[in-house]
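# A look at the structure
So the chains spell out like this:
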Amino acid sequence: MKHNQSKLIRTRVPQTPQHEHSSPVFFTSSFTFDNAEDMRAAFADETDANIYSRFSNPTVQEFVDRLCVLENAEAGFATASGMSAVFGSFMALLKKGDHLLSCNSVFGSTHTVVSKYLPKYGIDFSYVSANATAAEWEAAITPNTKMIYLETPTNPGLEVIDIAMVSAIAKKHNVILNVDNCFATPIGQTPIDLGADLVVHSATKWIDGQGRVLGGAIVGRKDLIHDIYLFCRSTGPSLSPFNAWILSKSLETLEVRMERHCSNALYIAEKLQGHPKINFVKYPFLSTHPHNEIAKKQMKNGGGIVCFELNGGLNAGRSFLDNLQMLSLTANLGDTRSIASHPASTTHAKLSEAERQAVGITPGLIRISVGLEHKEDILADIAQALEAC
Ligand SMILES: *Cc1c(COP(=O)(O)O)cnc(C)c1O
């Protein structure tokens, strides 16, 4: 098979003697051994036999193997949520005295982990603007920098960071490059092909794509994943087999779903440009996006998220949400149902005005996670809510 999409579809747990076509869910906490010697060898890591589902489980492995196909990764480990993937990738690889260099616009809980919890364990951090040049990234590296962490496109500001540029700097300084690929998904971009060592995912978003389960994964270099595996098998953030089964099935349709999410998103972004109540529309594949060139270079599509800024500010943002009739008001993103959110009054309300400005969250910023409803219905709901606000 030449194409990853075919390989992913045909990657599955070995068939059982029942000859089932669809992969079963392995609901079992532990696995049995035929004799004491097999059991000894498994515990001594001389074989890769399953021992206990906190360590490994065939259904979870199917999900990991499929994600590795899409991301062109050597190995992976699946976790109970995106945040446990982010946290596990930090805690397994960083130690007291190390420094983490991160882009400044990261997911809210990632910001909390980086700025509140890592310092508690003696791990230092600093932030670089998503607009930083290669020289600015390089200048921020310190002798104890061990990892660079990126999110691109960023949530919710949709800034795009040049992965190949940062990866060249990481390689030069022998630093691990860890990329959160939640927004683009492996259908939109494959950071490992651009030089990343690790990719973390919140599978809760586009990978599930239907707002059902939480999940996460870390994929990438085999040696790093082995350390992450050892950390996670002892500390217990493992993904449940049930969630893994849902997410593994979801990967089969990720490509076709993302094609529609992205074409709907581009349509909405283009139609909203120039609207009298909007200051600007932000979408990586619009030529007006400040990082459009980078986006076109490293992404296959612009993703499923569109942002725009209402010229009426904070009150207009709240009124826009109140006037929506079809779009959902919810914290998730990456669902079949289109979702609207107003970061300044919700997810980012606790930041100061200056902190919000630094990551591009202006008072009237609206984030739309474009769903799979007909594009005209999505646009019509946004348009009528704009009229009313
Ligand atoms: C949601 C999200 C996470 C965290 O994932 P959970 O599955 O909610 O723990 C991490 N990064 C990004 C970019 C996200 O959007």
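Fair warning: this is a prediction, and the values are worked out from it, not measured in the lab.

Grouped together as the largest cluster of nonpolar side chains are 65 residues, with contacts concentrated most on Phe-63, Leu-272, Phe-308, Phe-320, Ile-368 and Ile-382. Top element by residues in this core is helix α10 (residues 241-272). It accounts for 12 residues. Counting contributing residues, this core receives three or more from each of domain 1 (4-250) and domain 2 (254-388). Aside from chain neighbours lying at most four places away, what touches Phe-320 is Phe-308, Leu-310, Ala-340, Ile-366, Ile-368, Ile-382, Ala-385, Leu-386 and Cys-389. Counting residues in each nonpolar core, the second largest holds 47 residues, with Ile-51, Leu-93, Ile-123 and Leu-224 among its members.

Using the criterion set out here, one finds seven aromatic pairs in the structure. Measuring from centroid to centroid gives 6.0 Å for Tyr-52 and Phe-55, while their planes differ by 80°, and the two rings are edge-to-face. Here Tyr-52 falls in the partly exposed class, since its relative accessible area comes to 36%. Their ring planes at 75° and their centres at 5.2 Å tell us that Phe-90 and Tyr-149 sit as a pair that is edge-to-face. On the criterion of sequence distance, the pair formed by Phe-90 in helix α4 (residues 82-93) and Tyr-149 in strand β4 (residues 145-151) is long-range, its members being 59 residues apart. Just above the ring of Phe-285 sits the side chain of Lys-296; from NZ or CZ to the centre is 4.6 Å. Over the ring of Tyr-267 we find Lys-375; its NZ or CZ atom is 4.4 Å from the centre of that ring.

Here we come to the site of the ligand. Taken together, 13 residues lie near the ligand, and Gly-82, Asp-180, Ser-202, Thr-204 and Lys-205 sit nearest. One nitrogen or oxygen atom from the main chain of Met-83 is found 2.8 Å from an oxygen atom belonging to the ligand. Between the ligand and the protein, one listed contact pairs a nitrogen atom with a side-chain N or O atom of Asp-180 at 2.7 Å. Surface burial for the ligand is 92%, taken as the share of its 380 Å² of free accessible area covered by protein chains. Class assignment of the residues belonging to the shell around the ligand gives a composition of four nonpolar, six polar and three charged.

Here strand β2 (residues 99-103) lies mainly inside the structure; five of its five residues are buried. Burial along β2 is two-sided: His-99, Leu-101 and Cys-103 and Leu-100 and Ser-102, pointing in opposite directions, are all buried. Summarising the sheet, β2 and strand β3 (residues 124-128) pair through five bridges and their orientation is parallel. Within β3, the residue paired with Leu-101 across the bridge is Ser-126. The handedness of the β2 to β3 crossover, carried by helix α5 (residues 108-117), is right-handed.

Calculation notes
- Residues numbered from 1 in each chain as written.
- Predicted model: local features only at pLDDT ≥ 70, side-chain atom pairs only at ≥ 80, totals over all residues.
- Heavy atoms only, no water.
- Core = buried A, V, L, I, M, F, W, Y, C linked by side-chain atoms within 4.5 Å.
- Buried < 20%, exposed > 50% of the residue type's maximum accessible area, 1.4 Å probe, protein only.
- Helix = DSSP H or I, 4+ residues; strand = E, 2+ residues; numbered from the N terminus.
- Domains from an automatic or database assignment.
- Contact = heavy atoms within 4.5 Å.
- Phe/Tyr/Trp six-rings, centres within 6.5 Å; stacked < 30°, edge-to-face > 60°.
- Lys NZ or Arg CZ within 6 Å of the ring centre and 35° of its normal.
- Near = heavy atom within 4 Å.
- Polar contact = N/O pair within 3.5 Å; in protein donor to acceptor, adjacent residues only side chain to side chain.
- Areas by Shrake-Rupley, 256 points an atom, 1.4 Å probe, with all protein chains shown as cover.
- Nonpolar A, V, L, I, M, F, W, Y, C, P; charged D, E, K, R; others polar.
- Pairing = 2+ DSSP bridges.
- Right-handed = clockwise from strand over helix to strand, strands pointing away.

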